[in-house]
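# Structure at a glance
Chain by chain, the residues:
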Amino acid sequence: MQTSVIGFPRIGTLRELKFASEKYFRNEISAQQLLDTAENLRKIHWTTQQSAGIDYIPCNDFSFYDIFLDTAALFNIIPKRYKELQLPELDTYFAMARGYQGKSGDVKALAMKKWFNTNYHYIVAEVEDDTDIQLVGEKPWNEYNEAKALGILTKPVIIGPYTLMKHCRYTGEKKLADFVDAVVSAYQDFVKKCEELEIAWVQFDEPALVQDMTADDIALFHRLYDELLPAAKTSKILLQTYFGDVRNIYPDLIKMDFAGIGLDFIEGKQTLSLIETCGFPKKKLLFAGLVNGKNIWKNHYEKTLKVLKALQEKENSVVLSTSCSLLHVPYTLKHEDKLSQTFISYFAFAEEKLEELHELSILADVADYSSHAAYQNNQKLFAQPRDCYNDAVKDRLAHVTEADYVRLPKRSERQALQKKEFGLPEFPTTTIGSFPQTKDVKANRSAFRKGEITRQEYEAFNKQKIADCVKWQEEIGLDVLVHGEYERNDMVEYFGEALGGFLFTEKAWVQSYGTRCVKPPIIWGDVFREKPITVDWSVYAQSLTKKIMKGMLTGPVTILNWSFPREDISIKESISQIALAIRDEVLDLEANGIKMIQIDEAALREKLPLRKSDWYSEYLDFAIPAFRLTHSGVKPETQIHTHMCYSEFTDIIPAIDDMDADVITFEASRSDLQILDSLREHHFETEVGPGVYDIHSPRVPSVEEIVKALNLMLTKIDREKLWVNPDCGLKTRGVPETDASLRNMVEAAKQIRK
Ligand SMILES: Nc1nc2c(c(=O)[nH]1)N[C@@H](CNc1ccc(C(=O)N[C@@H](CCC(=O)N[C@@H](CCC(=O)N[C@@H](CCC(=O)O)C(=O)O)C(=O)O)C(=O)O)cc1)CN2
Ligand SMILES: [Zn+2]
């Protein structure tokens with residue numbers, strides 16, 4: 001059986017691309033040096049896949065920032081304001097991704113959005129009325145030729161026309177429909193170019209097919225491909241889907257002229273039954289996504305082989321594939337020196353998944369695989385009990401009652417009490433929690449980890465940072481302060497390290513956006529809190545100021561969503577366990593004099609199931625109560641804040657209000673402020689701080705700009721409910737821009753109060 005990889009991590013085993021790109025941004029290396037690093041990485045990634053015996057190796061899955069933006073740029077979808085900067089091609093690209101403030105002008109970055117149900121983010125390309133969509137780039141073929149020179153024949157990957165069109169923003173009068181002809185002809189040119197180079201296979205990624213599709217969507221899909229497919233005469237087109245099943249369009253797909261169709265058998269709940277009921281054409285290749293591209297547990301060979309055998313019995317031509325790009329898992333287990341072999345034996349990262357693909361493809365071809373060592377070893381692993389259960393946790397969860405999910409008194413009463421308690425000015429100013437994670441902060445943590453300094457020295461340094469941060473915030477004139485989160489590497493990894501039941505890794509980085517990576521902890525067993533986690537830091541910070549210090553926690557849904565979850569118990573059970581652990585922390589903070597506590601649920605909206613029909617039954621019905629469980633035990637005067645990274649919750653506003661927080665801050669500055677209309681429409685009760693500026697870019701917002709944003713907000717939100725804050729934490733920012741931005745923000749709040 002042949003094997004295929006949808007996409008491979010591009011950041012490098014040890015994040016070489018991240019470090020090179022950041023050096024380039026700081027003008028420490030030249031563009032050529034960055035390009036060289038990239039070329040070298042691609043070489044390693046291709047040869048690694050080749051030596052693992054992978055048959056369909058992707059190219060053009062490499063990206064300096066994001067593959068969606070790459071596809072847009074390939075087709076000249078570049079807004080005028082970036083072209084007008086007249087920068088070299090690479091810098092125009094980075095200007096779209098990161099914004100640009102310099103000699104050539106001042107433009108914000110394009111919007112960034114989460115990529116389906118992952119913690120990866122793509123850049124939302126903008127189509128303007130006069131955007132002339134056509135093939136202008138060379139990237140896929142440069143990479144193809146680069147691999148070819150190494151003796152490796154690859155399949156170029158691009159975002160397919162349907163997903164591209166559905167995920168672009170149309171900023172002028174013209175709508176999606178007005179660009180269909182241009183898009184078709186641009187993709188036809190793409191295919192032609194592939195044929196000129198005698199490329200055997202081309203992969204069109206169409207994850208948008210796993211979302212609910214209307215009749216219009218299906219018609220659009222036909223419109224695009226019915227004209228495009230005839231252009232492919234010698235090159236074969238693989239229609240690749242992932243993150244779910246394609247139930248709305250499957251019967252159409254199998255009738256269309258694709259040479260191969262890639263389906264997700266991991267998240268696609270109905271994939272198998274679709275094949276069973278509608279069949280799969282014998283003359284097409286079925287790329288069966290059976291090796292999980294999103295989680296890090298070893299593949300259970302017995303289960304996978306059963307599916308493969310069933311597909312083979314029906315005489316399908318099957319290529320074994322990953323369920324999605326391996327971009328979403330870390331690169332390799334090789335550098336995990338501190339995890340014991342027992343733990344390691346349960347995991348497979350990207351490199352190890354190549355091995356799984358290879359082993360499975362061999363087993364699938366033999367009649368009796370059960371006598372093979374690879375199979376037997378795998379069986380042994382899954383047969384032995386894992387040391388991961390904790391009876392006390394199970395018992396506690398069993399005794400949670402309905403009342404534990406309800407905070408009293410009701411919010412409107414609490415809000416009145418809290419107004420008196422805190423005596424804050426109108427439009428209180430605050431931040432989301434983290435302050436710049438400067439070099440010294442990371443170096444201190446790194447030295448502590450390597451055992452170069454003592455715990456006392458490590459903590460003394462962080463305390464000094466906190467003290468400086470408190471002083472800094474007082475000087476800027478912020479109303480509600482934070483301690484700055486200097487002790488945290490990442491908001492989720494930090495709690496993962498502190499909670500029982502979690503494992504953490506050393507080098508298992510996964511790209512989140514651009515050069516930014518996360519190291520998701522692994523939920524190994526039942527989760528519990530051993531001892532207070534954040535209390536000392538918060539109490540210390542509060543002792544330094546008369547102003548209110550917000551305690552800072554991460555909520556259970558986000559901790560779960562940004563970790564690698566267990567596969568042996570339900571997500572709901574894991575989330576509930578984490579909720580109880582966070583509840584203990586909330587109550588300890590309160591008992592130690594912390595009067596405002598923010599429980600971040602940055603990822604709550606992010607993991608909403610891709611199909612609306614699953615939203616409540618499979619998610620919100622337990623995610624929202626889990627959040628309430630964390631804070632229902634506090635006094636009426638204690639103010640509970642939450643923070644969400646995306647404002648795109650128009651369609652679940654009642655659910656968000658139902659979290660029963662007193663205040664919510666969220667990201668609104670990169671998107672339009674439509675959300676505000678919806679909040680009003682739904683009589684949203686929670687006080688709100690829609691971010692007044694974008695922290696994902698180094699650009700400093702002017703006072704006027706913020707005043708304008710606030711004035712607009714005031715047309716939609718009651719004045720006694722509006723907070724003033726950036727749209728997310730400041731950890732990725734530098735000190736100078738943070739200082740300037742926050743001062744402008746406080747000044748803007750003052751002007752508005754007048
Ligand atoms: N988990 C998670 N998901 C999220 C977010 C988030 O904050 N967390 N935010 C949203 C946006 N995504 C983001 C993802 C990552 C970062 C981010 O800042 N990542 C940092 C890494 C943070 C971190 O853990 N840093 C480590 C340091 C790791 C490191 O590079 N160490 C060096 C050594 C450093 C030294 O000696 O100076 C090394 O290992 O080589 C630490 O502080 O301890 C980065 O990529 O630069 C920000 C936002 C959505 N998803
Ligand atoms: Zn955020």
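For every chain, the first residue of its written sequence is number 1, and the numbers climb from 1 along that sequence. Chain letters and ligand numbers both follow the written order, the letters beginning at A and the numbers at 1. Reporting in this predicted model follows two pLDDT cut-offs: at least 70 for local features of residues, and 80 or more for side-chain atom pairs to be given and counted; totals over whole chains, interfaces and linings ignore these cut-offs and use all residues. Each side-chain value is derived from all of the structure's non-hydrogen atoms; neither hydrogens nor water enter the calculation.

### Let's talk about the domain arrangement of the protein chain
Counted only if it meets this: The domain boundaries here were taken from an automatic or database domain assignment. Whether two residues are in contact is decided by their heavy atoms: any pair within 4.5 Å suffices. By convention, the term buried area covers the 1.4 Å-probe accessible surface removed from two parts as they join, with the contributions of both added. A side-chain nitrogen of Lys or Arg and a carboxyl oxygen of Asp or Glu constitute a salt bridge if their distance falls within 4 Å.
Segmentation of the protein chain into domains returns domain 1 (2-383) and domain 2 (391-396 + 412-753). A straight line from the C-alpha centre of domain 1 to that of domain 2 covers 32 Å. Contacts between the two partners involve 58 residues from domain 1, matched on the other side by 44 residues from domain 2. Taken together, the two surfaces of domain 1 and domain 2 that pack against each other cover about 4,500 Å², and 53% of this comes from carbon and sulfur. On the surface where domain 1 and domain 2 come into contact, there are eight salt bridges.

### Considerations on the coordination of the zinc ion (ligand 2)
We apply this condition: Donor atoms (N, O, S) are those found within 2.8 Å of the metal centre, with the cutoff raised to 3.2 Å for Na, K and Ca; water is not part of the atom list, so apparent gaps in a site can occur. Under the DSSP-based scheme used, a helix requires at least four consecutive residues in state H or I and a strand at least two consecutive residues in state E, with every element numbered from the N terminus. A 1.4 Å probe rolled over the protein chains alone gives each residue an accessible area, and that area as a share of the maximum for its type sets the label: buried under 20%, exposed over 50%, partly exposed in between.
Taken together, the protein ligands of the zinc ion (ligand 2) are His 643 (NE2), Cys 645 (SG) and Cys 728 (SG), with distances of 2.1 to 2.2 Å. The sequence motif formed by the donor residues of the zinc ion (ligand 2) is H-x1-C-x82-C. One end of the pair, His 643, is in strand E22 (residues 639-644); the other, Cys 728, is in the loop between helix H27 (703-714) and helix H28 (735-753), with 85 residues separating them in the sequence. Each member of the pair His 643 and Cys 728 is classed as buried.

### Some details on the site of ligand 1
To keep it simple, the criterion reads: For this description, a residue counts as near a given molecule or strand if any of its non-hydrogen atoms is within 4 Å of it. Counting of polar contacts relies on pairs of N or O atoms within 3.5 Å, with two restrictions inside protein: one atom must be capable of donating a hydrogen and the other of accepting it, and residues adjacent in sequence are counted only when both atoms are side-chain atoms. The accessible surface values rely on the Shrake-Rupley method and a 1.4 Å probe; as for residues, cover is taken only from the protein chains in view. Just so you know the grouping, Ala, Val, Leu, Ile, Met, Phe, Trp, Tyr, Cys and Pro go in nonpolar, Asp, Glu, Lys and Arg go in charged, and all remaining residues, Gly too, go in polar.
Around ligand 1, a shell composed of 23 residues is seen, among which Lys 18, Asn 119, Arg 445, Asp 490 and Lys 731 lie nearest. Note that an oxygen atom of ligand 1 is positioned 2.4 Å from one of the side-chain N or O atoms of Lys 731. Protein contacts shield 82% of the accessible area of ligand 1, which totals 990 Å² for the unbound molecule. The set of elements that each furnish at least two residues to the shell around ligand 1 consists of helix H18 (439-449), helix H20 (491-498), strand E17 (510-513) and strand E18 (516-518). In terms of residue count, the dominant contributor to the shell around ligand 1 is H18 (four residues). Taken together, the residues of the shell around ligand 1 sort by class into seven nonpolar, eight polar and eight charged. When residues of the shell around ligand 1 are sorted by domain, at least three fall in each of domain 1 (2-383) and domain 2 (391-396 + 412-753).

### Looking at helix H21 (residues 535-543)
Note the cut-off: Directions from the helix axis toward the C-beta atoms define the arc.
Among the residues making up H21, those that are buried are Val 535, Trp 537, Ser 538, Ala 541 and Gln 542. Projection of H21 onto a plane perpendicular to its axis shows the buried side chains occupying an angular sector of 165°, all on one side. Exposed side chains of H21 directed beyond 90 degrees from the buried face belong to Asp 536 and Ser 543. Of the surrounding secondary structure, the elements contacted by the buried residues of H21 are helix H19 (455-476), H20, strand E20 (548-554) and helix H23 (571-591).

### With respect to the sheet that holds strand E21 (residues 596-600)
Note: strands within a sheet are paired through backbone hydrogen bonds, in either parallel or antiparallel orientation. Condition: A pair of strands counts as paired when DSSP detects no fewer than two bridges linking them. Lines fitted to the C-alpha atoms define the axes, with helices restricted to the stretch that makes contact. Angles between their N-to-C directions range from 0 to 180 degrees.
Here six strands make up an open sheet; going across it, the order is E15-E20-E21-E22-E23-E24 and the pairing parallel. Across the chains shown, the open sheet's two edge strands, defined by having one partner strand only, are strand E15 (480-481) and strand E24 (687-690). Pairing geometry for E22 and strand E23 (residues 663-666), over four bridges, is parallel. Considered in E23, the bridge of Met 644 is made with Phe 666. Packing of H20 onto the sheet brings it into contact with E20 and E21, and relative to E20 it is tilted by some 75°.

### As for the packing of H18 against H19
Here is the rule we go by: Here roughly perpendicular refers to angles of 65 to 115 degrees, roughly parallel to angles under 35, roughly antiparallel to angles over 145, and oblique to all remaining angles. Handedness of a crossing follows from how the near helix is turned relative to the far one, being left-handed for an anticlockwise turn of less than a right angle and right-handed for a clockwise one.
Interaxial distance between H18 and H19 falls to 9 Å at its minimum, and their mutual angle equals 165°. Of the possible angle classes, the one that applies to H18 and H19 is roughly antiparallel. Where H18 crosses over H19, the handedness of that crossing is left-handed. Where H18 approaches H19, its residues Asp 440, Val 441, Asn 444, Arg 445 and Phe 448 are matched on the opposing element by Arg 455, Glu 457, Tyr 458, Phe 461, Asn 462 and Lys 465.

### Quick word on the side chain of Gln 639
Within the secondary structure layout, Gln 639 lies in strand E22. Among the residues examined, Gln 639 registers a relative accessible area of 3% and is labelled buried. Once residues within four sequence positions are removed from consideration, Gln 639 is found in contact with Gln 418, Phe 422, Lys 595, Met 596, Ile 597, Asp 662, Val 663 and Trp 723.

### Considerations on the UniProt feature "binding site: 5-methyltetrahydropteroyltri-L-glutamate" (unreviewed entry) in the protein chain
Rules: UniProt positions are given in the numbering used here, feature names are shortened, and annotations may be inferred rather than shown by experiment.
The positions that UniProt labels "binding site: 5-methyltetrahydropteroyltri-L-glutamate" (unreviewed entry) are, in the present scheme, Arg 15, Glu 16, Leu 17, Lys 18, Lys 114, Arg 516, Cys 517, Trp 562 and Glu 606. Spanning 592 residues, the named residues are also spread out in space, since their farthest C-alpha pair is 27.9 Å apart. Within the element layout of this structure, Cys 517 appears in strand E18. Cys 517 has contacts with Ile 11, Arg 15, Trp 509, Val 510, Gln 511 and Ser 512, leaving out every residue within four places of it along the chain. With respect to the element layout, Glu 606 can be found in the loop between E21 and helix H24 (616-631). Excluding anything up to four places from it in sequence, Glu 606 contacts Lys 114, Phe 116, Asn 117, Thr 118, Asn 119, Trp 562 and Tyr 646. In terms of polar contacts, Glu 606 uses its side chain to reach the side chain of Trp 562, at 2.8 Å.

### Topic: the sheet that holds strand E8 (residues 155-159)
Strand order across the open sheet formed by eight strands is E1-E14-E13-E12-E11-E10-E8-E2, with parallel pairing between neighbours. Each edge of the sheet is formed by a strand with only one pairing partner; in this case those strands are strand E1 (2-4) and strand E2 (58-59). Bridge analysis of strand E13 (residues 285-291) against strand E14 (residues 317-322) gives six bridges, and the strand direction is parallel. Each residue of the ladder has a partner; that of Leu 285, found in E14, is Ser 317.

### Things to note about the pairing of E17
Here E17 pairs with E18 via three bridges, running antiparallel. Looking at E18, one finds that Gln 511 is bridged to Cys 517. Where E17 hands over to E18, the hairpin turn is made up of two residues, of which Gly 514 adopts a positive phi near 50°.

### A few points about unusual backbone geometry
Cis peptide bonds are those with omega within 30 degrees of zero, and the linkage from Leu 408 to Pro 409 qualifies with -10°. Structurally, the position occupied by Pro 409 is in the loop between helix H16 (391-398) and helix H17 (411-422). Positive phi, normally seen in glycine, also occurs at Asn 60, with a value near 65°. By the secondary structure assignment, Asn 60 is in the loop between E2 and helix H3 (67-74). On the accessibility criterion, Asn 60 (4% relative accessible area) is buried. For Asp 660, which is not glycine, the phi dihedral falls at a positive 65°. Following the sequence through the fold, Asp 660 ends up in the loop between helix H25 (653-657) and E23.

### Section: the packing of helix H12 (residues 301-313) against helix H15 (residues 373-383)
At a closest axis distance of 9 Å, the pairing of H12 and H15 adopts a crossing angle of 125°. Here H12 lies oblique to H15, going by the angle between them. Note on element contacts: H15 touches H12 through Ala 374, Tyr 375, Asn 378 and Gln 379, opposite Tyr 301, Glu 302 and Leu 305. Partitioned by chemical class, the residues of the contact of H12 with H15 number four nonpolar, two polar and one charged.

### Describing H20
Of all eight residues that make up H20, six are buried, and the element is covered over most of its length. Buried residues of H20: Met 491, Val 492, Glu 493, Tyr 494, Phe 495 and Gly 496, and no others. Residues of H20 that are buried make contact with strand E16 (499-503), H21, E20, helix H22 (556-561), H23 and E21. Measuring from the backbone nitrogen of Val 492 back to the side-chain oxygen at the start of H20 gives 3.0 Å, which picks out Asp 490 as the cap.

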